[in-house]
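# A structural walkthrough
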Amino acid sequence: MKKWLTLLPLSLVLLLSGCGQITVLDPKGPVAESQKELIIYSIVFMLVIVLVVFALFTYMVVRFRDRPGRGNKDYNPNIHGNTPIEIVWTVIPIIIVTALSVPTVQTLYELEKPPESTNDEEPLVIYATSADWKWFFSYPEQGIETVNYLHIPTDRAVEFRLSSADSMASLWIPALGGQKYNMAGMQNTLYLQADEPGVYDGRNSNFNGEGFARQTFEVYAESDEEFTNWVEETQSEAPELTQDQYNALLKPGLLDKMAFSSTHLEWVKHGTLPGMDYAIKRHRDAYGKTLHLKNGEEEDTHEE
Amino acid sequence: MQLDEFFVTGEPLIYAGMVSIALVTAATIFILTYFKKWGWLWREWLTTVDHKKIGIMYILSALAMLFRGGVDALMMRTQLAFPDMNFLNSQHYNEIFTTHGTVMIIFMAMPFLIGLMNVIVPLQIGARDVAFPALNALSFWSFLFGAMLFNISFVIGGSPDAGWTSYTPLAGAAMSPGPGQNFYLLGLQLSGIGTLATGINFMVTIIKMRAPGMKMFKMPIFTWSTLVTAFIIVFAFPILTVALALMTIDRIFGSQFFTLTGEGLPMMWANLFWMWGHPEVYIVILPAFGIFSEVIATFARKQLFGYKAMVWSMILIAGLSFLVWVHHFFTMGAGAFVNSVFSVSTMLIAVPTGVKIFNWLATLYKSKIQFTVANLWALAFIPSFVIGGVTGVMLGMAAADYQFHNSYFLVAHFHYVLIAGTVFACFAGLVYWYPKMFGHKLNEKIGKLSFWFFLIGFHVCFFPQYFVGLDGMPRRVFSIIPEWMPLNVISTVGAFGMGIGFVIFVYNIYYSFRYSEREKTGDSWDGRTLEWATPTPVPFYNFATVPHVEDHDAFLDMKKKGQTTFDEEKLEPIHMPSSTGQPFIMMGIMFIASFGLVFEWLWMAIAGLVGVLIMMGIRSFDYDDGFHVEVDEIKRTERSARRL
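For clarity, every value in this text was computed on a predicted model and none was experimentally measured. (Residues numbered from 1 in each chain as written. Chains lettered and ligands numbered in written order. Predicted model: local features only at pLDDT ≥ 70, side-chain atom pairs only at ≥ 80, totals over all residues. Heavy atoms only, no water.)

## Observations concerning the overall build of chain A
The following threshold applies: We count a stretch as a helix when DSSP gives it H or I for four or more residues in a row; a strand needs E for two or more, and each element gets its number in order from the N terminus. Each radius of gyration is computed over the set of C-alpha atoms, and the globule rule expresses the reference value as 2.2 Å times the number of residues to the power 0.38. Only protein chains enter the calculation, and the probe is 1.4 Å; a residue is then buried if its accessible area is under 20% of its type maximum, exposed if over 50%, and partly exposed in between. Contacts are assigned to residue pairs with any non-hydrogen atoms lying within 4.5 Å of each other. For the accessible areas, the method is Shrake-Rupley and the probe is 1.4 Å, while residue cover comes only from the protein chains on display. Charged residues are defined here as Lys and Arg on the positive side and Asp and Glu on the negative side; His and the ends of the chain fall outside this count. Charge positions are represented by NZ for Lys, CZ for Arg, CG for Asp and CD for Glu.
For chain A, the count of helices and strands is six helices and 11 strands. Relative to the globule expectation of 19 Å for 304 residues, the C-alpha radius of gyration of chain A, 26 Å, shows a markedly less compact shape. The principal-axis extents of the C-alpha atoms in chain A amount to approximately 85 × 50 × 35 Å. Within chain A, the proportion of its 304 residues that are buried is 54%. At a minimum sequence separation of 6, the contacts of chain A that also span at least 24 residues come to 71%. Carbon and sulfur atoms make up 55% of the accessible area of chain A, which totals about 13,400 Å². For chain A, the distance from the average site of its 24 positive side-chain charges to the average site of its 42 negative ones is 16 Å.

Dropping the structure here:
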């Protein structure tokens, strides 16, 4: 029995010591911040529940164990119920659920809007398109596109328009906030924002086949100025993306980082019904082929 | 088709699997032939319609599946222990987590519980069999052949690799060609027939066949949980049947229900899957709640606290289970309103569940707790399940779920509820009812050893996963980054601890078979409900005379009044169903038809389906309506069973 009790302080220690390093509990932007607050708020309630149950459980098990010489002291086999106390332990959970529901619903509605930022610029629009097993990030206003990495300015909301060229994926940058699904034939909107400059890990978190574990990307959050410099550099130095080249890149497989000075949005939007079967029409046979993907191997890029 | 396309080649682990399958099959055939046991096997087991034997076959198959799913789990944990592991490559890992999930839910948890229901529920309600005994046998064979079909996939054709949820478009023909995904669809379809039939069977059995005097609110709590589960099955399984059929038609006949081409709606699969899949979670947890209630009341030597509240909360949970399926994809972008509704309905399930937890705690109040192995499993459930439950509430908070979704936080949560709930209940129920099934108890010392290994291993394995999930580790990746290593190593150590616990458990079965004292009475634990009122071994007709029930704990009441289920004055001939080989043969043919469909050999599928129709015809004109057990035979059987 004591083992279960020791779990509790252990979990607290782990939790508190971990806040500094555990990504989700160490938010780098307002979206992740609001989600972290909600999580901590719920953990407090949950710890109280766990404490009450564990304490009652320990009391019952220790006090009422059938030990030698106990006899029939404190033994009453026919207690079948107690209405007042049953009402209490029905009402208290209802109160707790209500206390958890209110901030949950509030946060849900907040997440549908761009977070408030220190500068009053409109959100930066980025189309994030998942394809087996890479990410295309298109900046329509800047006219640039990147593969498997992303630059964003700090203190400005980013409006991700999520879609997929083929199988379902989920864009997740835990340091900046929670995920949403990328699906072909429809578009999701996800608002995220970075307040601290840094490099954050992003990934597809929804299983979509063999290259899933490698479908990751890096997010470079930097000051407005640095971001503008990067955009200008990309616009002038990166090659243009042709449709033929884009079609070749869509072929299932892994890709290195790349940058282009135009976007694929001119000829296809995978998040619309007409764009839903764009990739599958072109590469149907390639989806069944296995990559024989192993750990730590050179990623087989195919730049045709 | 080439032979090397038919058999899976190139993987040393799979060659080892093939060799062991061949060896076990050869050994089985040799033993059956050498000891001339084929006739016995056919007469006593393959053609039986006795609910107790069917239950035992369910449990043995489920234990085998627990072994298979457990080996899958250990292989995954080995691969994930260190960042540079290449024990499994990506494709092989994907196949293993897919089969692990499917096997554990469909072919382990559900059959294990259905096995316990089969053995116990008719006994608990004072019935002589289930309502439709031949259908019950059909259910079992449909499950077993479905499980076999799914399990041969790893040596023949290739395992499914799209996850146990099998999301489209990934699981569709374009992105997952080949037989692997077909094995999933047809294996589940075949066994699903049996589950649906079981639901109907138990619904009718419990409603129509209770002993006189046993009103609905006098039924034992495990029977109640079975009844509620039967209702969930009957409402949920048709959804799965239809969804599987639609995807099968998509894959084999080129329709476009869930495809990216045509007018396909890939996300409709996710909806249909979870409209079945969420209630399914309660199909495997409610019977577990019933088992814990029985075990705790028996070994606390006390009446269950708040019986009516326990029953109503199960009914409420069953109702709510159909209203929360969207919480499996809060991140689909349904909008704040939809997510709010499903978020609140999800959290509401915590209320009846909390009521049950407190009722179990109150059952312990002023009790005399005996720490038998069965009770240890039941007691360990309470604190362990509470950890899983509260993290479930956290996942139910949609706005926070955006961060938990698809991460190891989720993996930790559902293992905490499913292992602490269902697996602990399977062990508790098996140990508790073991003497009723096999005529001897399991050794308590070895049982305790296996319990502690499993329990500590379980917490060591899954508790760290909450934290690695919050650190951004997604589920289903086959490789980890160095930052996640320490917690993953701990987790893997815990997994092996559970493995050792299971091995000790199986050893205990062998040890107790050899050395345990045989049961002399039917009442092994000073029981409270009617299953303990029969002698052990239980005669095939269960009760010589059916008692009149007046109280919840009917047998306790009988013991007080000095009544028995063998009242020589009241003996009458008993009508019992005859054994029949039809369910076995029919499902065997169905297996062949399904196998044909898996490889898209339509000639084989059509021939098989015609065979099934012929079997149905034969069944319709089968006028064998059983036989009567004469009073003399009952007297002889009971006297020897009761050592009178």
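Now, onward.
## Describing the overall build of chain B
Counting its secondary structure elements, chain B contains 22 helices and two strands. For chain B, the spread of C-alpha atoms along the principal axes amounts to about 70 × 60 × 45 Å. Buried positions account for 66% of the 644 residues belonging to chain B. A sequence separation of at least 24 residues applies to 83% of the contacts in chain B between residues at least 6 apart. Split by element, the accessible area of chain B, about 22,200 Å² in all, is 70% carbon and sulfur. Here chain B carries 39 positive and 39 negative side-chain charges, and the mean point of each set is 11 Å from the other.

## A few points about the UniProt feature "domain: Cytochrome oxidase subunit I profile" (unreviewed entry) in chain B
Threshold: UniProt positions are given in the numbering used here, feature names are shortened, and annotations may be inferred rather than shown by experiment.
Residues annotated by UniProt as "domain: Cytochrome oxidase subunit I profile" (unreviewed entry) correspond here to residues 34-550 of chain B. Taken end to end, residues 34-550 of chain B comprises 68% helix and 0% strand; its first and last C-alpha atoms sit 52 Å apart.

## A closer look at the interface of chain A and chain B
Worth spelling out the cut-off: Buried area is a sum: the accessible area each of two parts loses on coming together, probed at 1.4 Å, counted once for each and added. Take a side-chain nitrogen of Lys or Arg and a carboxyl oxygen of Asp or Glu: if they are within 4 Å of each other, that pair is a salt bridge. Definition of a polar contact: a pair of N or O atoms within 3.5 Å, with one able to donate and the other able to accept a hydrogen when the atoms are protein atoms, and with sequence-neighbouring residues admitted only if both atoms are side-chain atoms. Classes in brief: Ala, Val, Leu, Ile, Met, Phe, Trp, Tyr, Cys and Pro nonpolar; Asp, Glu, Lys and Arg charged; the others, Gly included, polar.
Taken together, the 94 residues of chain A in the interface contact 101 residues of chain B. Both sides of the chain A and chain B interface together cover about 8,400 Å² of buried area, and 72% of this is carbon and sulfur. On inspection of chain A and its partner chain B, the count reaches zero salt bridges. Viewed at the interface, chain B and chain A are joined by 27 residue pairs in polar contact (both at pLDDT 80 or more). Classifying every residue of the side of chain A that touches chain B by side-chain character gives 49 nonpolar, 29 polar and 16 charged.

## Things to note about helix α22 (residues 631-641) of chain B
Residue and element names in this part refer to chain B. To be explicit about the condition: Within this analysis, the arc is defined by the directions that extend from the helix axis to the C-beta atoms.
Among the residues of α22, those classed as buried are I634, E638 and A641. Relative to the axis of α22, the buried residues are bounded by an arc of 65° and lie together on one face. Set apart from the buried face of α22 by more than 90 degrees, the exposed residues are D632, R636 and S640. Packing partners of the buried residues in α22 comprise β1 (574-576) and β2 (627-629). R643 sits one or two positions beyond α22 and adopts a positive phi of about 55°.

## Considering helix α5 (residues 90-124) of chain B
All names here are of chain B. Rules: The span you would expect from a helix comes to 1.5 Å times its residue count less one. The quantity called bend is, for any residue, the angle between two axes fitted respectively to the seven residues ending at it and the seven beginning at it.
A rise of 1.5 Å per residue sets the reference length of α5, with its 35 residues, at 51 Å; its end C-alpha atoms lie 48 Å apart and thus fit the reference within 8%. The sharpest bend along α5 reaches about 35° and sits at V103. Counting buried positions along α5 gives 35 out of 35 residues, so the element sits mostly inside the fold. If you check the start of α5, you find a side-chain oxygen 3.2 Å away from the backbone N of Q91, and it comes from N89. One or two positions beyond α5, positive phi appears at G126, with a value near 75°.

## Re the sheet that holds strand β7 (residues 177-182) of chain A
Sheet strands associate in pairs through backbone hydrogen bonding, adopting either a parallel or an antiparallel arrangement. All names here are of chain A. The test is simple: If DSSP finds at least two bridges between two strands, the strands pair. With axes taken as lines fitted to C-alpha atoms, and helix axes fitted only over the stretch in contact, angles between N-to-C directions fall between 0 and 180 degrees.
Here five strands make up an open sheet; going across it, the order is β4-β10-β9-β6-β7 and the pairing mixed. The sheet terminates laterally at β4 (149-153) and β7, the two strands that pair on one side only. Each strand axis lies, on average, 20° off the axis of its neighbour in the sheet, ignoring direction. As paired elements, strand β6 (residues 169-173) and strand β9 (residues 198-204) share two bridges and run antiparallel to each other. Residue pairing across strands places W172 opposite R203, the latter belonging to β9. Here helix α4 (residues 224-237) sits on the sheet and contacts β4 and β10 (216-222); the angle it forms with β4, its principal contact strand, is near 135°.

## A few points about the sheet that holds strand β8 (residues 188-192) of chain A
All names here are of chain A. Read across the sheet, six strands follow the order β8-β5-β1-β2-β3-β11 without closing on themselves; strand pairing throughout is mixed. Across the chains shown, the open sheet's two edge strands, defined by having one partner strand only, are β8 and β11 (258-260). Across this sheet, the average inter-strand angle for adjacent strands is 20°, counted without regard to direction. Examined bridge by bridge, strand β3 (residues 144-147) and β11 share three bridges and lie antiparallel to one another. By the bridge assignment, T146 is partnered in β11 with A259. Strand contacts of helix α5 (residues 243-250): β1 (124-131), β2 (134-139), β3 and β11, with the helix running at about 145° to β2, the strand carrying the most contacts.

## Looking at the nonpolar core
To be explicit about the condition: What makes a nonpolar core is a set of buried Ala, Val, Leu, Ile, Met, Phe, Trp, Tyr and Cys residues whose side-chain atoms join them at distances within 4.5 Å.
With 305 residues, the main nonpolar core has F160 and L171 of chain A together with W360 and F424 of chain B as its most contacted residues. Sequence-distant contacts of F160 of chain A, defined by excluding residues within four places in its chain, comprise I126, A128, L150, L171, I173, N188, T189, L190 and L192 of chain A. A544, L571, V629 and I634 of chain B belong to the second-largest nonpolar core, a separate cluster that totals eight residues.

## Quick word on the environment of H440 of chain B
Residue and element names in this part refer to chain B. Relative to the helices and strands, H440 is located in the loop between α16 (408-438) and α17 (444-470). Judged by its relative accessible area of 3%, H440 is buried. Placed 62 residues apart in sequence, H440 and A378 show a C-alpha to C-alpha distance of 21 Å. Residues in contact with H440, not counting those within four places in the same chain, are Y434, P435, S512, F513, S516, E517, R518 and E519. Within the structure, H440 has its side chain in polar contact with the side chain of R518 (distance 3.3 Å).

## Let's talk about the pattern of salt bridges
The full count for this structure, using the stated rule, is 22 salt bridges over all chains. Close ionic contact of K28 of chain A with D26 of chain A constitutes a salt bridge, the shortest N to O distance being 3.5 Å. Here E638 of chain B makes a salt bridge to R642 of chain B, at a shortest N to O gap of 2.7 Å. According to the relative accessible area criterion, E638 of chain B is buried, its value standing at 0%.

## As for the packing of α17 of chain B against helix α18 (residues 485-515) of chain B
Two packed helices can be described by the angle between their axes and the distance between those axes. All names here are of chain B. Just so we agree on the cut-off: Orientation labels follow simple angle bins: below 35 degrees gives roughly parallel, above 145 gives roughly antiparallel, 65 to 115 gives roughly perpendicular, and whatever is left gives oblique. Handedness of a helix crossing follows the sense of rotation of the near helix relative to the far helix, less than a right angle counterclockwise being left-handed and clockwise being right-handed.
Orientation of α17 relative to α18, taken along the N-to-C sense of each, is 160°, at an axis distance of 7 Å. By the angle between their axes, α17 is roughly antiparallel relative to α18. With respect to the hand of their crossing, α17 and α18 are arranged in left-handed fashion.

## Some points on a nonpolar patch on the surface
Residue and element names in this part refer to chain B. Heads up, the condition is: Patches were defined on residues exceeding 30% relative accessible area and lacking a salt bridge, with like-charge contacts within 9 Å and nonpolar side-chain contacts (Val, Leu, Ile, Met, Phe, Trp, Tyr) within 5 Å.
Taken together, the side chains of I249, F253, F257, L602, I606, V610, I614 and I618 define a hydrophobic patch exposed on the protein surface, amounting to about 720 Å² of accessible area. Elements supplying a minimum of two residues to the nonpolar patch: α8 (221-253) and α21 (602-620). With five residues, the single largest contributor to the nonpolar patch is α21. Here I618 lies in helix α21. Since its relative accessible area comes to 43%, I618 is described here as partly exposed.

## Concerning unusual backbone geometry
With omega at -5°, the peptide bond leading from D132 of chain A into W133 of chain A counts as cis. As for its placement among the helices and strands, W133 of chain A is situated in the loop between β1 and β2. The amide bond that connects T168 of chain B to the next residue, P169 of chain B, takes the cis arrangement and shows omega of 0°. Mapping P169 of chain B onto the fold places it in the loop between α6 (133-151) and α7 (179-208). With a phi close to 65°, N542 of chain B is a non-glycine residue in the positive phi region. You can call N542 of chain B buried: its relative accessible area is 1%.

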